[in-house]
Every structure is written in structure tokens, then in C-alpha cells.
Amino acid sequence: MEILPYGRHHIDETDIQAVVDCLRSGALTQGPKILEFEKAIASYVGARYAVAVSSGTAALHLALLAADVGADSTVITSPITFAASSNAALYVGASPVFSDVSMDTINLSPEALIETIKENDNVKAIIPVHLSGLACDMSSISKISSDAGAIIIEDAAQALGANYADGRKVGCCSHSLMTVFSLHPVKSMTTGEGGVITTNDMHVFKRLTRLRSHGIVKEEDAYQCLESAQTEGIPNPWYYEMQELGYNYRITDIQCALGLSQLHKLDKFIERRRLLADRYDRAFSDTKWIIPAQQSGREYSAHHLYPVKIDFKGMGLTRAKFMNQLRERGIISQVHHIPVPIQPYYKKLGFNMDNCPNAQDYYQQALSIPLYYGLTEQQQDYVIDVLTELLS
Ligand SMILES: *Cc1c(COP(=O)(O)O)cnc(C)c1O
């Protein structure tokens with residue numbers, strides 16, 4: 001039986017050749033492909049700078065460090081996200097706070113955000129998550145955020161290739177200090193593992209570059225200790241400076257060679273996902289048991305996932321049984337996401353869903369069904385048929 005996962009990457013011969021060429025070139029890491037990839041990403045999203053790192057999670061961590069968000073700060077994010085969004089706040093000693101989502105987008109609700117800011121002290125950063133590649137209402141969120149004196153780091157891990165409502169590309173940072181992307185295989189495009197941060201702020205860019213590699217600086221004009229850097233006015237050839245505590249969050253040239261090759265196909269990937277999402281929309285338009293979870297703005301989404309809401313309770317079904325029935329027919333579904341506050345680690349820290357009724361309601365009904373570039377229309381029709389049969 002053919003197995004249809006909820007998402008998967010697409011690698012072609014050009015990608016393979018790009019990686020092989022890189023392996024033959026001699027530069028495996030810290031070579032020319034990284035800079036080339038960063039320039040290509042910056043230009044694609046329309047931001048001044050991009051910094052590529054080892055994962056989306058590393059990107060979130062560095063973004064908070066580069067914005068000086070640390071102990072005693074509050075960081076607000078969505079409960080419907082992958083754990084990495086709020087874990088990053090914990091990494092830097094800040095307190096994550098979860099704010100409810102809007103029922104029509106499953107993204108941070110601007111109205112709820114206003115209340116959450118009122119209820120919490122020292123809100124230093126907001127991390128809106130563009131769930132399944134659908135951009136949040138960034139013009140409202142950025143206004144609320146700047147009124148509160150907080151910075152914005154967009155978690156666009158699922159949204160490379162998506163647009164905002166105004167048509168600009170997610171990642172151009174017109175409404176944020178930084179935007180973070182993931183290049184994990186299940187996302188829009190991949191480098192195997194990887195992440196990238198975009199920004200228009202030169203200071204932030206330099207800080208990110210330094211933090212990615214141990215906090216070490218190799219540019220002469222940035223040295224702090226000139227007497228160690230020079231001998232009789234001449235630069236010491238071996239010299240470098242560690243100026244703050246950084247990490248090894250570097251990406252490799254091999255990964256960036258793959259990333260460059262994938263980036264050329266990104267628009268094609270998204271276009272295909274959009275077409276398949278439209279087909280699902282049409283197929284489910286006259287059943288009341290299955291509703292696309294995100295109702296507005298999907299025309300500019302990157303369609304990383306196809307999340308639907310199914311009224312399992314109303315149908316006298318359990319989601320577990322339903323997912324197992326799908327699996328028996330070769331269809332792998334998943335739930336995106338288990339609300340972070342109910343994860344045992346967060347529960348122990350005292351988190352709960354009391355302030356997030358919409359997120360709770362969505363979670364009860366959520367299911368992501370197969371959507372990826374390589375899904376054929378025939379395979380999609382099969383998914384539609386099986387769902388319709390099981391639900392009618
Ligand atoms: C995938 C993902 C991340 C983490 O990215 P990695 O590259 O896997 O570290 C963070 N946030 C969200 C919303 C994600 O979907």
C-alpha cells in the first residue's frame with residue numbers, strides 16, 4: 001500500500017548535483033555557499049540581511065539574544081505552535097506567556113494580545129507564529145507591539161515563500177525586527193536541517209553573525225583590545241577576539257548548496273501547494289463535518305500544512321480512532337499542534353490553557369491531512385474519497 005504522509009520534502013537531480021559539486025569543491029563549511037545562500041534569501045524576501053544557522057530553533061534562540069531579551073522579560077507567543085517558539089524564551093531566561101488565537105486564522109489574535117500585554121509586566125518581545133504558512137495580521141500586531149514598547153520576532157518557520165496581506169514577502173521585516181525561518185525537510189524548502197534569520201538592522205545582523213560562531217569576531221575594525229591585535233601597529237595574523245558568549249550554530253556549505261538549489265524551486269513548490277489546497281477547499285465545500293481550519297487570508301499562505309477542523313465529538317468519533325482508520329488506508333495525518341502550555345514540562349512550570357479558549361477549541365478538532373509538492377491529484381482524490389467515506 002502506498003503511504004501518503006501529511007507533508008514531505010522534494011529533492012530532484014539538480015539538488016543532488018549541487019551537493020555533489022559542493023563536496024568536490026573542498027569547502028564543506030564556512031565557505032562561499034553560505035554567503036551566497038544568505039544573499040539569495042535576503043533578496044528573495046526583500047530584507048537587507050540574512051544569517052543562516054543550524055536550525056530554526058537556533059535561529060529563534062539567536063534572535064532573542066541579539067535583541068537583548070533576557071531574564072526578567074516577558075515574551076508573548078501563540079499556544080498553537082511547535083515547542084521551539086516558547087522554548088527560545090526559556091533558553092534566554094525570559095518568561096514565555098501564551099496569548100489566544102483568532103478562530104478564523106488560528107494565529108495570534110490582536111484583541112487577545114492587547115489584553116495579554118495589559119496583564120503582564122515587562123513585555124519585551126512578541127513572537128507571532130505564521131501557522132501553516134499563513135501570515136499573522138502583522139499591521140495590527142506591530143502597532144500593538146510598538147505601543148507596548150516591545151520588539152517583534154516573527155516565527156515564520158512554516159512560512160518561507162508566503163506573503164503578507166499587503167503582498168510583500170514574509171521575512172522582509174517591514175513589521176518586525178527579525179524574521180526566523182526553518183529549513184527542516186517538512187517545511188517549504190530544505191537544507192536537511194537549517195534555519196535563517198532576516199533583518200534590516202545592521203547592528204542586529206552583526207550581532208547574529210557573531211553569536212552564531214562562539215561570539216568570535218575576526219574583523220580588524222571591530223576589535224576591542226588593540227594591544228593584543230597588533231604588533232608595532234601591524235595586525236597580528238593569528239588574532240581573533242571572543243567578545244561575548246556565543247554558540248556553534250553554524251550551517252554548512254553542503255547544506256547551503258542544497259538550499260540555493262531548493263530556493264530556485266520555492267515558488268513552484270508554493271504554487272503547487274496552493275493549487276492542491278484549493279482542490280481540497282472545493283472538495284470539502286459542501287460537507288459540514290470537515291472545515292478548513294484557517295478561513296481567511298489563505299490566498300497568500302505558503303500552505304505548509306492543510307489543517308482542517310473535524311467535529312469528532314459531534315460525530316461520535318474519537319480522533320485517535322479516526323487517525324488509525326486513515327493510517328490503515330495509507331493516509332498519515334497529524335495534529336498541528338498540541339498546545340505548548342499543556343506539554344508536561346510547561347504544565348510543571350504552572351502553565352495552562354485558561355486564557356486560551358479558542359486554542360483549546362481548535363485543538364479538540366484539529367487534523368492535518370496530506371499536502372506537499374509531490375502529492376498527485378490522483379493521490380489527493382484518494383484522500384478526499386477516504387475522508388468523505390469515513391465521515392459520512
Ligand atoms: C519547525 C518549527 C520550528 C523549529 O524549526 P527547526 O528547524 O526544526 O529547529 C519553530 N517554530 C515553528 C512554528 C516550527 O514549525
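On a predicted model such as this, the values are computed, not experimentally measured, just so you know. (Residues numbered from 1 in each chain as written. Predicted model: local features only at pLDDT ≥ 70, side-chain atom pairs only at ≥ 80, totals over all residues. Heavy atoms only, no water.)

**Quick look at the packing of aromatic side chains**
Thinking step 1. Inspection of every chain in the model, using the stated rule, returns twelve aromatic pairs.
Thinking step 2. With centroids separated by 5.4 Å and ring planes inclined at 80 degrees, the aromatic side chains of Phe98 and Phe351 adopt a geometry described as edge-to-face. Here Phe98, found in strand S3 (residues 95-98), pairs with Phe351, found in the loop between helix H12 (344-348) and helix H13 (357-365); they are 253 residues apart in sequence, far enough to count as distant. In this structure, Phe98 and Phe351 share a single accessibility class: buried. (Phe/Tyr/Trp six-rings, centres within 6.5 Å; stacked < 30°, edge-to-face > 60°. Helix = DSSP H or I, 4+ residues; strand = E, 2+ residues; numbered from the N terminus. Buried < 20%, exposed > 50% of the residue type's maximum accessible area, 1.4 Å probe, protein only.)

**A short note on helix H14 (residues 377-391)**
Thinking step 1. In a regular helix each residue adds 1.5 Å, so 15 residues correspond to 21 Å; H14 covers 21 Å between its end C-alpha atoms and thus fits that length.
Thinking step 2. When we look at burial in H14, the residues that qualify are Gln379, Gln380, Val383, Ile384, Val386, Leu387, Leu390 and Leu391. Seen end-on, H14 carries its buried residues on one side only, within an arc spanning 165 degrees. For H14, the exposed residues set more than 90 degrees away from the buried face come down to Gln378 and Asp385.
Thinking step 3. Packing partners of the buried residues in H14 comprise helix H10 (266-284), strand S12 (290-292), strand S13 (306-310), helix H11 (319-328) and strand S14 (366-369). (Expected span 1.5 Å × (residues − 1). Arc of directions from axis to C-beta. Contact = heavy atoms within 4.5 Å.)

**Focus: the environment of Gln365**
Thinking step 1. Tracing the sequence through the fold places Gln365 in helix H13.
Thinking step 2. For the pair Gln365 and Ile290, spaced 75 residues apart in sequence, the C-alpha to C-alpha distance is 9.5 Å.
Thinking step 3. Residues contacting Gln365, with those up to four places away along its chain left out, are Val308, Lys309, Ile310, Asp311, Phe312 and Arg319.

**Concerning the pairing of strand S1 (residues 49-53)**
Thinking step 1. Of all five residues in S1, five are buried; the element is thus mostly enclosed.
Thinking step 2. Where burial is concerned, the two faces of S1 agree: the one with Tyr49, Val51 and Val53 and the one with Ala50 and Ala52 are both buried.
Thinking step 3. Note that S1 and strand S7 (residues 195-199) share five bridges and pair antiparallel. The residue bridging Ala52 from the neighbouring strand is Val196, located in S7. (Pairing = 2+ DSSP bridges.)

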